[in-house]
Amino acid sequence: MDENIEVRKISRKMIAMIVAIVVSGIIIFFVNENGKIAKAEKILYKLGYTQISDVKVYSVTNVENMDTKIQGYKYFVKFKDLSTNQNCKGFILKDFKQYVDKDLICQQNKENE
């Protein structure tokens, strides 16, 4: 049972390609996340939230108004409103006709009470 199993080494070229793919995947992920946050901040600014921080976008979904057949995006967000000292969460909506809407629940910060 002394069988020698020959193992092929992975070439340096292949290792470099794998590392490049992994690094580019990580970069694309962070660019995508920052893009979602930037779009959500623009919508919040249009809705009147000018002083915000800690914006987190949990998901983005495609939506369609069944009556008008106008499509858009719904962002599920959480952020801090610095002007009123509140934590807000909920969703914001922007359609392709640049109409924006919100359904947010804001509560007073408990750390400053």
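Residues numbered from 1 in each chain as written. Predicted model: local features only at pLDDT ≥ 70, side-chain atom pairs only at ≥ 80, totals over all residues. Heavy atoms only, no water.

Chemist: How should the overall build of the chain be read in this particular structure?
Modeler: Helices and strands together make up the secondary structure of the chain, namely one helix and four strands. In the chain, the succession of helices and strands from N to C terminus is α-β-β-β-β. Taken against the 2.2 N^0.38 rule, which gives 13 Å for 113 residues, the C-alpha radius of gyration of the chain at 23 Å runs more than 25% over that of a compact globule. Across its three principal axes, the chain shows a C-alpha extent of roughly 75 × 45 × 30 Å. (Helix = DSSP H or I, 4+ residues; strand = E, 2+ residues; numbered from the N terminus. Rg over C-alpha atoms; globule rule 2.2 N^0.38 Å.)

Chemist: I would appreciate a short explanation of the sheet that holds strand 3 (residues 86-95) in the present structure.
Modeler: Ordered in space as 1-2-3-4, the four strands form an open sheet in which the pairing is antiparallel. Every interior strand has two partners, whereas the edge strands, strand 1 (52-64) and strand 4 (100-108), have only one. Averaged over neighbouring strand pairs, the angle between their axes works out to 15 degrees when direction is ignored. Note: strand 2 (residues 71-81) against strand 3, 10 bridges, orientation antiparallel. The partner of Phe-76 across the bridge, within strand 3, is Phe-91. Along the sheet face, helix 1 (residues 12-46) touches strand 1, strand 2, strand 3 and strand 4 and points at about 95 degrees away from the line of strand 1. (Pairing = 2+ DSSP bridges. Axes fitted to C-alpha atoms, helices over the stretch in contact; angles between N-to-C directions. Contact = heavy atoms within 4.5 Å.)

Chemist: Would you take a moment to explain the packing of aromatic side chains for this structure?
Modeler: Given two aromatic rings, their pairing is described by the distance between the two centres and the angle made by the two planes. Under the criterion given, the structure shown has four aromatic pairs. A ring pair is formed by Tyr-49 and Phe-79, whose centres lie 5.3 Å apart and whose planes are at 75 degrees; its orientation type is edge-to-face. Taken together, the positions of Tyr-49 in the loop between helix 1 and strand 1 and Phe-79 in strand 2 put the pair 30 residues apart, joining distant regions of the chain. Taken individually, Tyr-49 and Phe-79 each receive the classification buried, so the pair is uniform in this respect. (Phe/Tyr/Trp six-rings, centres within 6.5 Å; stacked < 30°, edge-to-face > 60°. Buried < 20%, exposed > 50% of the residue type's maximum accessible area, 1.4 Å probe, protein only.)

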